[in-house]
Every structure is written in structure tokens, then in C-alpha cells.
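Notes for the structure review
Here is how the chains run, residue by residue.
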Amino acid sequence: MPYSSAALAEESVLPFAPHELAPFDTRRLPLALRSARTARRLSLADIAAETRIGMRFLEAIEAARFGEFRSAIHAVGFARAFARAVGVDEQWAARAMREEIALCQAKPAR
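What this report covers is the structure whose coordinates are included nearby.

**With respect to the overall build of the protein**
From N to C terminus, the protein includes 6 helices and 0 strands. Seen in sequence order, the protein has helices and strands lined up from the N terminus as α-α-α-α-α-α. Of all 110 residues assigned to the protein, the portion counted as buried reaches 41%. Nonlocal contacts in the protein, meaning residues at least 24 apart in sequence, comprise 59% of its contacts between residues at least 6 apart. Surface exposure of the protein reaches about 6,400 Å², of which carbon and sulfur atoms provide 52%.

Shown next, in the form of C-alpha cells:
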């Protein structure tokens, strides 16, 4: 499950119950992060200020433009920090980002 139990234990403003989180899978990283961010009424600027990640990278994560990262290490680290800031499980986000990057690299170039 992408949401940590610690985040769910605190007073949450998430618009869905914990049992509704199971449908999120690793190919849904952008949607999970965006949903958690908007549920907490945070802007991308709020996340950028907290994580010190540039807006262009946060926007790339939410738009599933994973090719914009310099390396997989950067992408995974940024996804973890973004997840931490919005209450999503960091390890799930890191695993999801690794899978997203692997899918991007497996696609033939046009």
C-alpha cells in the first residue's frame, strides 16, 4: 500500500478510506502522489519548498515525464522525498519509480 500507517494514523484529510488505497499499483505513481498532495491541500510550490526539489522535477513526476531526470538515482530520490512530503510510503514510491524508469527504458526510441 502506498500510504504509510503513520500518515493514516494522524488526522487525515484524504478523501478516501485506507481500504480504498489498495488499487494503487506501481504504475500509478504520478496519480498517487498528485492525489495525496491535493488531498492535503498542498501546492507543488509547497512541496518544492519542503523538499528543495525544483518545480520542473516535481511537475515531471506528476506528468509521468520520467525522461527529464539526469539519472535514475535522482528520479528515485525525488520520488521518495515527494512521497514523504505528502504522506505516501517512501519505499513504495521508490519501487514504483524504478519500475516506471525501467518501462521508459524498455520502450523503443522513435
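**Topic: the environment of leucine 29**
Structurally, leucine 29 can be placed in helix α2 (residues 29-39). Separated by 35 residues in sequence, leucine 29 and alanine 64 have C-alpha atoms that sit 8.2 Å apart. Not counting the four nearest positions on each side in its chain, leucine 29 is found in contact with Ala79, Trp92, Ala93, Ala96, Met97 and Glu100.

Parameters and conventions
- Residues numbered from 1 in each chain as written.
- Predicted model: local features only at pLDDT ≥ 70, side-chain atom pairs only at ≥ 80, totals over all residues.
- Heavy atoms only, no water.
- Helix = DSSP H or I, 4+ residues; strand = E, 2+ residues; numbered from the N terminus.
- Buried < 20%, exposed > 50% of the residue type's maximum accessible area, 1.4 Å probe, protein only.
- Contact = heavy atoms within 4.5 Å.
- Areas by Shrake-Rupley, 256 points an atom, 1.4 Å probe, with all protein chains shown as cover.

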